[in-house]
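Structure assessment
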Amino acid sequence: MTTDQRARGAISTSHHLATEAGAAVIEAGGNAVDAAITAAAALCVVYPNNVALGGDLVALVRSPDGAVHFLNATGRSPSGLTLAALRERHGDALPLRGIDTVTVPGGVRGWRALHDFGASRTWAEHLAPATAFAETGHPTARSVAAALVEEQASLAQDPGARAVFYPNGTPLAAGEQLMQPALAATLRTLAEQGSDAFYSGDLARAWISGLREIGSQITPEDAAAFEPEWAEALAGDFAGHRVLTGPPNTSGFMLLRALNAVAAGIEDPLGAGAGALAAAFHDANTVRAALLADPDVGPSGQTLVDADVPAGEHVADPKRSGDTVGLSTVTADGWAVSLINSVYCSFGAHILEPRTGVIFQNRGTSFSLDPSLPNAFAPNQRPRHTLMPVMVLRDGELAWVPSTMGGSAQPQIHTQLLLRSTDGAIPHDATHAPRWIVDEVGGDRRLTVTIEEDVPVVARDAIAAAGFTLNIVPRFSEDLGHSNLIRVRGQAFDAASDPRSDGSAIVVDA
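Here the structure is a predicted model, which means the values were calculated and not measured. (Residues numbered from 1 in each chain as written. Predicted model: local features only at pLDDT ≥ 70, side-chain atom pairs only at ≥ 80, totals over all residues. Heavy atoms only, no water.)

1. Describing the pattern of salt bridges
For the structure on display, the rule yields 26 salt bridges. With its nearest N and O atoms 3.4 Å apart, the salt bridge here joins E229 to R76. Highlighted residues: E229 in strand β6 (residues 229–231) and R76 in the loop between β3 (68–73) and α3 (83–90), separated in sequence by 153 residues. A salt bridge links R382 to E229; the shortest N-O distance between them is 3.3 Å. With R382 in the loop between β12 (358–359) and β13 (390–394) and E229 in strand β6, this pair connects stretches of sequence that are 153 residues apart. We classify R382 as buried; its relative accessible area is 2%. (Salt bridge = Lys/Arg side-chain N within 4 Å of Asp/Glu carboxyl O. Helix = DSSP H or I, 4+ residues; strand = E, 2+ residues; numbered from the N terminus. Buried < 20%, exposed > 50% of the residue type's maximum accessible area, 1.4 Å probe, protein only.)

Here's what the structure looks like:
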């Protein structure tokens, strides 16, 4: 959506109902922080394959004084679980799903941190649209319906998920009403008692005991002790702009590495130079697999930006798609938010705790069981994360607020959005352009690129010539992520949402 008029604000998310809920907040006089929390809560109801109350959150927040702040609300591993116990159960690698992949959810206290930092509306107001969607139902989204079919063999084995998403033994189809009464009750409790209810008290005891009945090691003390952290954003310069992103344990450093590679001499990086850009993405994937970890134990963001590519083989699991939501929002009062909320893979750990209606993330699968690596599992530690928020400044003023999902490909999607944007593309054209990503190296050691069929031949040939095998997928494939993008032009905003999602973008007129 584009306008040359003075606007009150703008919001773009990966589901239209969440966008509309956030836009209504802006229309009523709320700021970007209010809109972000409201939309994020709604997404936990309407987009449950991608995000839930049992997931994590990271965000960049720009306040009216021009300062940009990074929020890390990623949860920690159980304090009583050990690397030795996991190696005894699982060997050299954690499974993709299951109870041992569930870490303490950070998202709900992340919302509260955002609220305390800059919200103008009440906590209960933030949760009202989400509660209504859960209680009265809403049409099942296209992405959700497709994921229910794809994940049925595993997800339908979980009693809580089966009751909600396979009510007659078959997956809900797109457009069918999705009802979540237990989740509605949980949201009402949170609205009445605040975010702490999710981490202590009866609600916390309900989900913790439900998970412990199936083998979780998360204790009430683990949940109660969790607190989000505010930190300084990781920053770099590109094409006359200041690019801000998340430090470890996020993957933000990978974006800065790619931009540095382009600035160092890759000409036409989305055309004839695409092979060199693909090589830079592959190098960043290798650094991530070898070195990214909880900042308490691993290298700093700038160290990762500057690091030489580690020698040897560093394998990641290419099946980890990273189902997530991103949202971008800006208001004319100077507030802006790039927020990423996630359960990691589609429907997370494939565990829906039935008493609370909460789906839990499988973020713990990102831990390594190799004790020599910085990201090796340890008690009370955060795993490396694919999540990364981004903001872009020009001459100290806000220029773009992007956000995306896409697992470990998020830095690559951001790179392509920014390259197109700095080359003059409006948000609609940047988000709708053909896309490609360098896949993480898996056990077969093959170098592959997932590439949409409408990527120009010159780029396709350059990537193949650089030694990558092309996995060609249809135009607007959901495997290439859901991006959102707002361009700021003084008091006017342009906003767009990715056609690969069920999303929308709204500019709210002044």
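That was the structure; now back to the text.
2. Brief notes about the nonpolar core
Core analysis: the largest hydrophobic core is formed by 80 residues, its most contacted members being L53, W111, F165, F198, W207 and L339. No other element matches the 13 residues that helix α2 (residues 32–46) contributes to this core. Setting aside residues up to four positions removed in sequence, L339 forms contacts with A36, A40, L57, V58, A59, L114, V325, G326, L327 and S403. Ranked by size, the runner-up nonpolar core spans 46 residues in total, among them A430, W436, F468 and L480. (Core = buried A, V, L, I, M, F, W, Y, C linked by side-chain atoms within 4.5 Å. Contact = heavy atoms within 4.5 Å.)

3. Notes on the pairing of strand β9 (residues 323–331)
The element β9 is largely enclosed, with a buried count of nine among its nine residues. Neither face of β9 is exposed, since D323, V325, L327, T329 and T331 on one face and T324, G326, S328 and V330 on the opposite face are all buried. With eight bridges connecting them, β9 and strand β10 (residues 336–344) associate as antiparallel partners. Residue pairing for β10: L327 is matched across the bridge by L339. In this structure, the hairpin formed by β9 and β10 is closed by a connection of four residues, where G334 is found at a positive phi of approximately 105 degrees. (Pairing = 2+ DSSP bridges.)

4. Quick notes on helix α4 (residues 107–118)
Taking 1.5 Å per residue as the helical rise, α4 with its twelve residues ought to reach 16 Å, and the 17 Å between its terminal C-alpha atoms agrees with that figure. The element α4 is extensively covered by neighbouring structure, given that nine of its twelve residues are classed as buried. Buried within α4 are the following residues: G107, V108, R109, G110, W111, A113, L114, H115 and G118. (Expected span 1.5 Å × (residues − 1).)

5. Side note on the environment of F360
The topology assignment puts F360 in the loop between β12 and β13. Dropping the residues within four chain positions of it, F360 is found in contact with G54, V102, P105, W207, L211, F347, G348, A349, I351 and E353.

6. Topic: the sheet that holds β13
Ordered by their spatial adjacency, six strands build an open sheet running β7-β8-β13-β14-β18-β19, and the pairing between neighbours is antiparallel. Looking along the sheet, the strands with just one partner apiece sit at the ends: β7 (234–238) and β19 (492–497). Direction aside, neighbouring strands of the sheet carry axes that sit 15 degrees apart on average. Pairing of strand β14 (residues 397–404) with strand β18 (residues 483–489), which is carried by five bridges, proceeds in the antiparallel orientation. Residue V401 lies in a different strand from β18, and its bridge partner there is I486. Where helix α12 (residues 252–263) meets the sheet, it contacts β7, β8 (241–245) and β13, and its direction lies at approximately 20 degrees from that of β7. This element, helix α15 (residues 410–422), spans β7, β8, β13, β14 and β18 of the sheet and lies at about 140 degrees to β14. (Axes fitted to C-alpha atoms, helices over the stretch in contact; angles between N-to-C directions.)

7. Describing the packing of α12 against helix α13 (residues 274–291)
It is the contact of α12 with α13, at a shortest axis distance of 9 Å, that shows an interaxial angle of 150 degrees. Crossing angle aside, the handedness with which α12 passes α13 is right-handed. In this structure, α12 uses F253, M254, R257, A258, A261 and V262 to contact α13, whose residues at the interface are L277, A280, F281, A284, N285, V287 and R288. When the residues that make up the contact of α12 with α13 are grouped by side-chain class, the tally is ten nonpolar, one polar and two charged. (Left-handed = near helix turned anticlockwise from the far one by under 90°. Nonpolar A, V, L, I, M, F, W, Y, C, P; charged D, E, K, R; others polar.)

8. With respect to empty space enclosed by the protein
Summed over all chains, the structure comprises five cavities of 30 Å³ or more. Here the largest cavity is characterised by a volume of approximately 50 Å³. Among the elements of the structure, β13, β14 and α15 are those that each provide at least two residues to the lining of the largest cavity. For the lining of the largest cavity, the element with the most residues is α15, which contributes four residues. Its residues placed into classes, the lining of the largest cavity shows seven nonpolar, two polar and no charged. (1 Å grid on protein atoms, 1.4 Å probe; cavity = no way out; pocket = protein on both sides within 12 Å on 5 of 7 lines; lining within 4 Å. Points joined across faces, edges and corners; volume = space filled by probe spheres on them.)

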